[in-house]
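Spelled out, the chains give:
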Amino acid sequence: MADGLRVVVRASVYAVLGGVALIAIATVVSVLGPLLALDLYTPPVAAWWTVFTAVAVQGVPFLLLGTVVSAAIGAFVPERVFRRLLPRNPALAVPVAGLAGAVLPGCECASVPVAGSLMRRGVAPAAALAFLLSAPAINPVVLVATSIAFPGQPKMVLARLLASLGTAVLMGWLWARFGKEKWLRLPGRGTPSAHATGARAFLTGLQHDFLHAGGFLVLGAAAAATFNIAVPRSVLDLFTGSPWLAVPLLAVLAVVLCVCSEADAFVAASLSAFPPTARLAFMVVGPMVDLKLLALQAGTFGRSFAVRFASATWVVAVAASVLVGWWLL
Amino acid sequence: MRRYGPAALLLLTGGAVLRITLFGELYLRYVQAGLRPYLIVSGVALVLLGLVTAVLRHRTPGPHEDVHHEDVHPEDDGGHGGHEGHEGHSHGPAGPRVAWLLTLPALALLLFPPPALGSYSAGREAAQRAAQGVGAFPALPAGNPVELTVAEFSSRAIYDSGRSLKGRTVRLTGFVTHGDDGTWYVTRLVVTCCAADATTGKVEIRNADDDALPADTWVTVTGSWRPKGRLGSDAAWPPVLDAATVTQVKQPADPYEKP
C-alpha cells in the first residue's frame, strides 16, 4: 500500500518536474527561436534541415523493421537453426546467404542490424556480410521499382540483380579469405541479447539496437544532407561525355547522395545523359556503400572494419557493374 | 535522467513521428504518401517500447543490483575494451551515447517542422525531363480545364506524338521560379522516396499579365499549350503554357509530385 503510494507520489513529482522543464524549454525556444531564425534560417539552411529530417524520417520504419528482426533473431532463434540452414563450408554459405538477402524487403537501413545479430548468433561473418550487401539490392521491392523506373528495359533489372549479387558473394568470399577478425568488432558482445533469451531480452535488445543504430542514422542523414546541399547534381553534366569518367563519377555520387535503395532506380533513370553502365554502377554501389550506411556500419561493426569494408566493396561493385554492363547493356 | 534516458528518447522519437503523420500531414514535406501507415505503426511501436522500457527500468532495483538484469554489465564494457574511444559505443545506464543525436530531428519535427523544399532547391538542379521516348500517349481525361501535374504536362508536351494537349485547356499547380531574362515558370519538385531525391519539373508561363509574383508563391495557372521545337528534342524543353488566368493558392498538402 505504502509502496503504491510512493510510486504515485514519485511519478507525479517526475511529471511536474518534467512538465515544468519542458514548458521552460519551449518558452525560451519559442521566444529566442524566431529571433535567431531570422538570421540563420536562410534558404540553404532550411533546405538542409528538410533533407536531414527527411532522410531520418524515411529511415525510421526500415530501421525499426531491421532492429525488430535482429532482436527477434537474438532472443528467439537458437544458434543451431542457422547451423542447420547454412552450409558448414563458408565458401558455400556465402552464396546461400547472398541469395537469402532477397527475402528482407526494405532499404539498406534494415540490413545492418540484422547482419549484426546473425553474426551474434554464430553465423560466419563472411555469410552475414554477403547478406548485408545483397539484402537491400536484390529484394523484390527494389527490383520492381527498378523495372518501373526503366520501362521496357528488363535487361537493366537483370543486370542490377546479377551485379549486386555478384558483388555481395565476391565480398563474402574476399572476407572469408583475407578478412581479419580483429578488424571486426563482433557486434553485441555487450548487448543483453547475447546473454539472455525470451521476451525481456527481445525488448531490451530492440530498445538498445534501435537507439544505437538510430543515432548513427541521424549522423548519416546529416552527412547526406550536407552533400545534397553542397553538391548540385547539375555539376555532373560536365562529365557525361566520357564513359571512363562517368562510371566512377556516378559511383561516387551514389556514395554521397545516400538515396535509399527503393528510390535510387528513379534517380538513376533521370540521369539520362549518362551511359547505361554508369547508371548501373550508381544502382549497384548505392545500396552497398553510402555515407549513411558507413555511419551505421561503423556503429555496429567498428570504424576500422567499416572503412576497409566499404572501400573494398566500392571497388568490387564498380568492377562488377562494368563487367555486367559490358556484357548485358 | 540516466535511468530513464532510453525511454525518454524512444518516446520523443515516437512522438515526433506520430506528430507529423497521425496528427497532421506534415510528413508529406519529407516523404511520399505511401509511407504513412508504416510511419504510424513505427511511431506507435516506439511509444509503446518507450513506455515498456520505462516500466522495466522502474521495476529494476537500484543501480548496484541492476548488473544482473540490465545492459550495464561491467564485463561488457570490457568486451569493447580493445576499441576504447570508439565514439558512441560507451554504454551506461543511459544507453548508447550516440542515441542522443536522435533528439535533433525529433525536436525539430516537434517544435519547428522544417519547410517543404522550394525554389532554392529547384534553382540548384537543372530541371529534369522524364527519360522516355517519343510515342503516343493515352487520351487525356475529360474536363475543361483538365487538371494535370507539371510532370505529366511536360512529358506530353515533349514526347506525345498524338499531340493530346492540342486544343485543350489545362490547369497546373506549382510554385513560381524565375528565369534569367524575365521569364517565369510554374515549378514542382518530384519526390520518389524522400525529399533527398527531389528532382525538378517546370513549365514556362507566357502571356500572364501579372508577372511580378515573387519566387515560391504557389499559383494555379489555367491556359493552353504552345507547341515549340521538334518532339523529343532539346528545343522542345522547357514546355510553354499560354496563360489565361493565374491565381494565387495555398501550398497544397502534398507539396511534391510523384514520378
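Below, the discussion takes up the overall build of chain A. For chain A, the count of helices and strands is 14 helices and zero strands. In chain A, the succession of helices and strands from N to C terminus is α-α-α-α-α-α-α-α-α-α-α-α-α-α. In chain A, which comprises 329 residues, the share counted as buried stands at 55%. Put simply, of all contacts in chain A between residues at least 6 apart along the chain, 85% involve residues at least 24 apart.

Before going further, it helps to examine the overall build of chain B. In terms of helices and strands, chain B carries six helices and eight strands. Summarising the internal contacts of chain B: among those between residues at least 6 apart in sequence, 68% fall at separations of at least 24.

Turning next to the confidence of the model for chain B. Low-confidence regions, as indicated by low pLDDT, have predicted coordinates that should not be scrutinised in detail. Averaged over chain B, the pLDDT score is 80; the fraction of residues at 70 or greater is 81%. The ipTM assigned to the predicted complex is 0.84, against a pTM of 0.75.

All names here are of chain B. Positionally, valine 44 belongs in helix 2 (residues 36-59). Here valine 44 falls in the partly exposed class, since 15 other C-beta atoms lie within 10 Å of it. When the C-alpha atoms of valine 44 and asparagine 207 are compared, they prove to be 51 Å apart, with 163 residues separating the residues in sequence.

Turning to the packing of helix 6 (residues 125-138) of chain A against helix 8 (residues 154-178) of chain A, a few remarks are in order. Residue and element names in this part refer to chain A. Between helix 6 and helix 8, whose axes approach to 8 Å, the crossing angle comes to 165°. Here helix 8 runs roughly antiparallel to helix 6, going by the angle between their axes. In the crossing of helix 6 with helix 8, the sense of the turn from one axis to the other is right-handed. Contact residues: Pro125, Ala126, Ala127, Leu129, Ala130, Leu133, Ser134, Ala137 and Ile138 in helix 6; Leu161, Ser164, Leu165, Thr167, Ala168, Val169, Met171, Gly172, Trp175 and Ala176 in helix 8. Across the contact of helix 6 with helix 8, the residue classes break down as 15 nonpolar, four polar and no charged.

With that out of the way, let us pick up the packing of helix 5 (residues 108-120) of chain A against helix 6 of chain A. Residues and elements named next belong to chain A. Helix 6 packs onto helix 5 with a crossing angle of 165° between their chain directions and a minimal axis gap of 9 Å. When the interaxial angle is binned, helix 5 and helix 6 end up roughly antiparallel. In terms of crossing hand, the pair formed by helix 5 and helix 6 is right-handed. For the pair formed by helix 5 and helix 6, the contact residues are Glu108, Ser111, Val112, Ala115, Leu118 and Met119 on the first element and Pro125, Ala128, Leu129, Phe131, Leu132, Ala135 and Pro136 on the second. The residue makeup of the contact of helix 5 with helix 6, split by class, is eleven nonpolar, one polar and one charged.

Residue and element names in this part refer to chain B. The step from asparagine 144 to proline 145 runs through a cis peptide bond, and the omega angle for that step is 0°. Checked against the element boundaries, proline 145 lands in the loop between helix 5 (119-124) and strand 3 (146-147). Within the chain, arginine 163 stands out as a residue other than glycine whose phi angle is a positive 50°. Relative to the helices and strands, arginine 163 resides in the loop between helix 6 (150-159) and strand 4 (169-178). For aspartate 216, which is not glycine, the phi torsion reads 75° and is therefore positive. With respect to the helices and strands, the residue aspartate 216 is situated in the loop between strand 6 (199-206) and strand 7 (218-226). Owing to 17 C-beta atoms within 10 Å, aspartate 216 belongs among the partly exposed residues under this scheme.

When pLDDT is averaged across chain A, the result is 82; 88% of the residues are at 70 or more. Across residues 189-194 of chain A the pLDDT falls below 50, and counting only partners more than four positions away or on other chains, this stretch makes 24 contacts in the model.

This part takes up the nonpolar core. Residues and elements named next belong to chain A. Counting 170 residues, the largest nonpolar core has Val55, Ala127, Ala128, Ala130, Leu250 and Val285 as the members making the most contacts within it. Sort the elements by how many residues they give to this core and helix 2 (residues 43-76) lands first, with 17 residues. Alanine 127 has contacts with Leu86, Pro90, Ala93, Val94, Ala97 and Gly172, leaving out every residue within four places of it along the chain.

Another aspect to go through is the environment of Val94(A). All names here are of chain A. In this fold, valine 94 is placed in helix 4 (residues 90-100). Sequence separation between valine 94 and leucine 170 is 76 residues, and the spatial gap between their C-alpha atoms is 8.6 Å. When residues no more than four places from it in sequence are discounted, the contact partners of valine 94 are Ala126, Ala127, Ala130, Val169, Gly172, Trp173 and Ala176.

With that settled, the discussion passes to helix 4 (residues 103-111) of chain B. Inspection of helix 4 of chain B places Pro105(B), Ala106(B) and Leu109(B) among the buried residues, and these make up the whole buried set. For helix 4 of chain B, the angular spread of buried residues about the axis comes to 100°, placing them on one side.

The rules behind each value
- Residues numbered from 1 in each chain as written.
- Chains lettered and ligands numbered in written order.
- Predicted model: local features only at pLDDT ≥ 70, side-chain atom pairs only at ≥ 80, totals over all residues.
- Helix = DSSP H or I, 4+ residues; strand = E, 2+ residues; numbered from the N terminus.
- Buried ≥ 20, exposed ≤ 12 C-beta atoms within 10 Å, placed from the backbone.
- Contact = placed C-beta atoms within 7 Å.
- pLDDT = per-residue confidence, 0-100.
- Axes fitted to C-alpha atoms, helices over the stretch in contact; angles between N-to-C directions.
- Parallel < 35°, antiparallel > 145°, perpendicular 65-115°, else oblique.
- Left-handed = near helix turned anticlockwise from the far one by under 90°.
- Nonpolar A, V, L, I, M, F, W, Y, C, P; charged D, E, K, R; others polar.
- Core = buried A, V, L, I, M, F, W, Y, C linked by C-beta atoms within 7 Å.
- Arc of directions from axis to C-beta.

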